[in-house]
Amino acid sequence: EAGVAQSPRYKIIEKRQSVAFWCNPISGHATLYWYQQILGQGPKLLIQFQNNGVVDDSQLPKDRFSAERLKGVDSTLKIQPAKLEDSAVYLCASSEHGSPYEQYFGPGTRLTVT
Amino acid sequence: AQKVTQAQTEISVVEKEDVTLDCVYETRDTTYYLFWYKQPPSGELVFLIRRNSFDEQNEISGRYSWNFQKSTSSFNFTITASQVVDSAVYFCALSELTGANNLFFGTGTRLTVIP
């Protein structure tokens, strides 16, 4: 069974530029999560989707971050414009059911904002 | 509000030694779930265990064991006879059943096993 796929793996941009990350969850998993992991910290949830609907986006900085999961499968997370403090690893995870069931994580995208 | 504390930032052990990673949590809920995840250098978090608040039985899986004590709000993880492949960052996480039931992670413990 294929795992959670993410791309790109690495991205370097200048502040005020925009960037987008892509995630393809495990087939059949209805719930998809985006996390931000700053160096030395644990992952912090940004947004949770159930199929193509948003369950929780309370931690998403909506002035600059947006995410969509149009067909209930893959998802895109966008940052526009990026700030220096957005430098982090962005992790995508999926689960067959919503929390509190185990989540399966992708390899992440390491974003560096200069 | 929930809180997960992993006081040990970094631990180094020599191969074959036993090591215990500590996790202390805070929650107002009576029903909640606790998790341990492993993050190797490749970056992907790997699920290790989930335990609900009503099940205080200790669990053993190969060289891994978990000790859940509600009285001290702790969910500690022990690796017996550590191996170099155990080197990783280990995260403890909490999920409450109120709200969106999201995972709340601790700051992690970096374990280095020296050959």
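Calculation rules
Residues numbered from 1 in each chain as written. Chains lettered and ligands numbered in written order. Predicted model: local features only at pLDDT ≥ 70, side-chain atom pairs only at ≥ 80, totals over all residues. Heavy atoms only, no water. Buried < 20%, exposed > 50% of the residue type's maximum accessible area, 1.4 Å probe, protein only. Helix = DSSP H or I, 4+ residues; strand = E, 2+ residues; numbered from the N terminus. Pairing = 2+ DSSP bridges. Polar contact = N/O pair within 3.5 Å; in protein donor to acceptor, adjacent residues only side chain to side chain. Phe/Tyr/Trp six-rings, centres within 6.5 Å; stacked < 30°, edge-to-face > 60°. pLDDT = per-residue confidence, 0-100. Contact = heavy atoms within 4.5 Å. Buried area = accessible area lost by both parts, 1.4 Å probe. Salt bridge = Lys/Arg side-chain N within 4 Å of Asp/Glu carboxyl O.

(A) Quick peek at the pairing of strand β3 (residues 19-24) of chain A. Residues and elements named next belong to chain A. With burial as the criterion, only one face of β3 is covered, namely that bearing Val19, Phe21 and Cys23; the residues Ala20, Trp22 and Asn24 on the opposite face remain uncovered. As judged from the three bridges shared by strand β1 (residues 5-7) and β3, these two strands associate in the antiparallel manner. Bridge pairing in β3 places Ser7 opposite Trp22.

(B) Local environment of the side chain of A:Gln6. All names here are of chain A. Position of Gln6 relative to the elements: it lies in strand β1. Since its relative accessible area comes to 7%, Gln6 is described here as buried. A polar atom in the side chain of Gln6 sits 3.0 Å from the backbone nitrogen of Cys92.

(C) Representation of the packing of aromatic side chains. Considering all chains together, one arrives at 20 aromatic pairs over all chains under this definition. Seen from their ring centres, B:Phe68 and B:Phe75 are 5.8 Å apart, and the 80° between their planes marks the pair as edge-to-face. Summarising the burial analysis for this pair, B:Phe68 and B:Phe75 share the class buried. Through a chain of ring-to-ring contacts, the aromatic side chains of A:Tyr33, A:Tyr35, A:Phe105, B:Phe35, B:Tyr37, B:Phe47, B:Phe91 and B:Phe105 assemble into a single cluster.

(D) Representation of the confidence of the model for chain B. Across chain B, pLDDT averages 93, with 97% of residues at or above 70. Confidence, expressed as mean pLDDT per element, reaches its minimum in chain B at strand β7 (residues 59-61) of chain B with 88 and its maximum at strand β3 (residues 19-21) of chain B with 98.

(E) Main features of the interface of chain A and chain B. Contact residues are listed per partner, giving 20 residues for chain A and 20 residues for chain B. Of the roughly 1,600 Å² buried between chain A and chain B on both sides combined, carbon and sulfur atoms contribute 54%. At the surface where chain A touches chain B, the tally comes to zero salt bridges. At the junction of chain A and chain B, the tally comes to four residue pairs in polar contact (both at pLDDT 80 or more). Where the side of chain A that touches chain B is concerned, the elements lending two or more residues are β4 (31-37), β5 (44-50) and β6 (53-56) of chain A.

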